[in-house]
Amino acid sequence: QVQLMESGGGLVQPGGSLRLSCAASGTIPGAATMGWFRQVPGKQREMVATVTSGGTTDYGDMAKGRFTISRNNYINTVDLQMTNLKPEDTAVYYCMIQRRVTPTMTAWGQGIQVPDSS
């Protein structure tokens, strides 16, 4: 089993920056893609950015030019650097890890609210 723990949410002003981090623990599968998704109430979860174990990245249209995903395979973390934040970026952000080859698996973090509502 894989556990994912997100961190880094906080208060942010429009145009500001925020960095989200996700740490994976447990039995980490090889050749797994890690990424960030987000969801707002009433809408489907959407892909923000993903990165393969080999470092190939993919971004959702809303993230291109503003967000950067990075991954450290040695300590099993994936970060999302967000810049030029907009009000429409408000969402719950979820960390994900997925292996599409046998044995397949998908795991999600619990999600982190951006910006922090506290």
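Residues numbered from 1 in each chain as written. Predicted model: local features only at pLDDT ≥ 70, side-chain atom pairs only at ≥ 80, totals over all residues. Heavy atoms only, no water.

### Concerning the overall build of the protein chain
For the record, the criterion: Comment: elements are numbered from the N terminus, with helices defined as DSSP H or I runs of at least four residues and strands as E runs of at least two. Using C-alpha atoms as the atom set, the radius of gyration is obtained and then compared with a globule rule of 2.2 Å times the number of residues to the power 0.38. When a residue's accessible area, from a 1.4 Å probe over protein chains only, is under 20% of the maximum for its type it is buried; when over 50% it is exposed; and in between it is partly exposed. We call two residues in contact whenever any of their non-hydrogen atoms come within 4.5 Å of each other.
Of regular secondary structure, the protein chain possesses zero helices and ten strands. Order of helices (α) and strands (β) in the protein chain, N terminus to C terminus: β-β-β-β-β-β-β-β-β-β. The C-alpha atoms of the protein chain give 14 Å as radius of gyration, which agrees with the globular expectation for 118 residues (13 Å, within 12%). With respect to the three principal axes, the spread of C-alpha positions in the protein chain is 40 × 25 × 25 Å. Expressed as a percentage of its 118 residues, the buried residues of the protein chain come to 39%. The long-range share in the protein chain, meaning contacts at least 24 apart out of those at least 6 apart in sequence, stands at 51%.

### Structural notes on the state of the cysteines
Going by this rule: Our working definition of a disulfide is a cysteine sulfur pair at a distance within 2.5 Å.
Following the criterion strictly, the structure yields one disulfide and no others. In this model, Cys-22 is linked to Cys-95 through a disulfide, with the two sulfur atoms separated by 2.0 Å. When the S-S torsion is -85°, as for the bridge of Cys-22 with Cys-95, the disulfide is left-handed. Of this pair, Cys-22 sits in strand β2 (residues 18-26) while Cys-95 sits in strand β8 (residues 91-99), and the two are 73 residues apart along the sequence. Of the two residues, Cys-22 and Cys-95, neither departs from the other in class, the shared state being buried.

### What to know about the side chain of Arg-38
The line we're drawing: Definition of a polar contact: a pair of N or O atoms within 3.5 Å, with one able to donate and the other able to accept a hydrogen when the atoms are protein atoms, and with sequence-neighbouring residues admitted only if both atoms are side-chain atoms.
Among the secondary structure elements, Arg-38 is positioned in strand β3 (residues 33-39). Among the residues examined, Arg-38 registers a relative accessible area of 6% and is labelled buried. Separated by 2.9 Å, the side chains of Arg-38 and Asp-89 make a polar contact. Polar side-chain contacts of Arg-38 include one of 2.9 Å to the side chain of Tyr-93. Excluding anything up to four places from it in sequence, Arg-38 contacts Gln-44, Arg-45, Glu-46, Val-48, Met-62, Phe-67, Glu-88, Asp-89, Ala-91, Val-92 and Tyr-93.

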